Amino acid sequence: GPDPSDFDERYNPAVNWFLRHSRSLPDMASATSRLFLGVQIQCAQCHDHKTEKWTQNDFRQFAACYAKTYPTYVEKPQMLTQVVGVFRMELKDRLFAPPVKKYEQIFGSYADYIAPTPKVLDGPEVRTWGSRRQALADWVTKRENPWFAKAIVNRMWSHFMGYGFTK
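Computed from a predicted model, the values in this text were never measured in an experiment.

Draft legend 1. Region of interest: the packing of helix α3 (residues 25-37) against helix α7 (residues 148-161). It is the contact of α3 with α7, at a shortest axis distance of 7 Å, that shows an interaxial angle of 75°. Our classification of the angle between α3 and α7 gives roughly perpendicular. Here α3 contributes L35, F36 and L37 to the contact with α7, which in turn contributes F148, A151 and R155. Here the residues of the contact of α3 with α7 are counted per class, giving five nonpolar, no polar and one charged.

Draft legend 2. The arrangement of a nonpolar patch on the surface in detail. Taken together, the side chains of V153, M156, W157, F160, M161 and F165 define a hydrophobic patch exposed on the protein surface, amounting to about 670 Å² of accessible area. You can see V153 is positioned in helix α7. Given a relative accessible area of 47%, V153 falls into the partly exposed group.

Draft legend 3. Quick look at helix α2 (residues 13-21). Looking at α2, one finds that the buried residues are V15, F18 and H21. Buried residues of α2 fall within an arc of 140° about the axis and therefore sit on the same side.

Draft legend 4. Structural context of the pattern of salt bridges. This structure, assessed with the given rule, holds one salt bridge. Between D122 and K53 there is a salt bridge, and its shortest N-O distance comes to 2.3 Å. Of this pair, D122 sits in the loop between α5 (100-107) and α6 (132-140) while K53 sits in the loop between α3 and α4 (56-63), placing them 69 residues apart in sequence. Note on accessibility: D122 and K53 belong to one class, exposed.

Draft legend 5. The environment of N16, seen in detail. Relative to the elements of secondary structure, N16 occurs in helix α2. Note on N16: relative accessible area 36%, which makes it partly exposed.

Draft legend 6. Molecular detail of the nonpolar core. One finds L37, L121 and L136 to be the most contacted residues of the largest nonpolar core, which totals 27 residues. Of all the secondary-structure elements, those providing two or more residues to this core are α2, α3, α4 and α6. Sequence-distant contacts of L121, that is, excluding residues within four places in its chain, are made with S33, L37, V39, I41, W54, D58, F62, W139 and W147.

Draft legend 7. Fine view of α4. Buried within α4 are the following residues: F59, Q61, F62 and A63. Where α4 is buried, its residues contact α3 and α6.

Draft legend 8. Spatial organisation of the confidence of the model for the chain. On average, residues of the chain score 78 in pLDDT, and 71% of them reach the 70 mark or higher. Predicted confidence in the chain is weakest over α5, with a mean pLDDT of 58, and strongest over α4, with 91.

Criteria and thresholds
- Residues numbered from 1 in each chain as written.
- Predicted model: local features only at pLDDT ≥ 70, side-chain atom pairs only at ≥ 80, totals over all residues.
- Heavy atoms only, no water.
- Axes fitted to C-alpha atoms, helices over the stretch in contact; angles between N-to-C directions.
- Helix = DSSP H or I, 4+ residues; strand = E, 2+ residues; numbered from the N terminus.
- Parallel < 35°, antiparallel > 145°, perpendicular 65-115°, else oblique.
- Contact = heavy atoms within 4.5 Å.
- Nonpolar A, V, L, I, M, F, W, Y, C, P; charged D, E, K, R; others polar.
- Patch = residues over 30% accessible without salt bridge, like charges linked within 9 Å, V, L, I, M, F, W, Y side chains within 5 Å.
- Areas by Shrake-Rupley, 256 points an atom, 1.4 Å probe, with all protein chains shown as cover.
- Salt bridge = Lys/Arg side-chain N within 4 Å of Asp/Glu carboxyl O.
- Buried < 20%, exposed > 50% of the residue type's maximum accessible area, 1.4 Å probe, protein only.
- Arc of directions from axis to C-beta.
- Core = buried A, V, L, I, M, F, W, Y, C linked by side-chain atoms within 4.5 Å.
- pLDDT = per-residue confidence, 0-100.

So this is what it looks like as structure tokens:
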């Protein structure tokens, strides 16, 4: 079996979570807001809703927090076409978003999420230079964030008691 002594070096939850949702920036924004904030914003991806406060612009600005982050290989596998196997990857926060035309086939409507200024939900704009992802993580875990503590308590309650306070 695998050697547990180097587990921390081989397994990075942030990379695995990112890879799970990296095929679509809208999916990543929706998952982030739902899991870490307990806020459903995925409807705003397509339209402004009459009874919800989130607009398409809010959604695009939130998704833009991930526009300059993408995975890279730590050690390239011998054959990139190899389907079976484990590849070591890490996340890189780039100075610039990747070329839109190059990734449009992979990431869908990627261009919609590069142009907007990144901004957290009901909060400040995120810096455009440096790690937007780190700035988002800092805001998510700040004491001033009204949603994170409630979402995590609900998640833990659901884990231990079988269902959360809200669904």
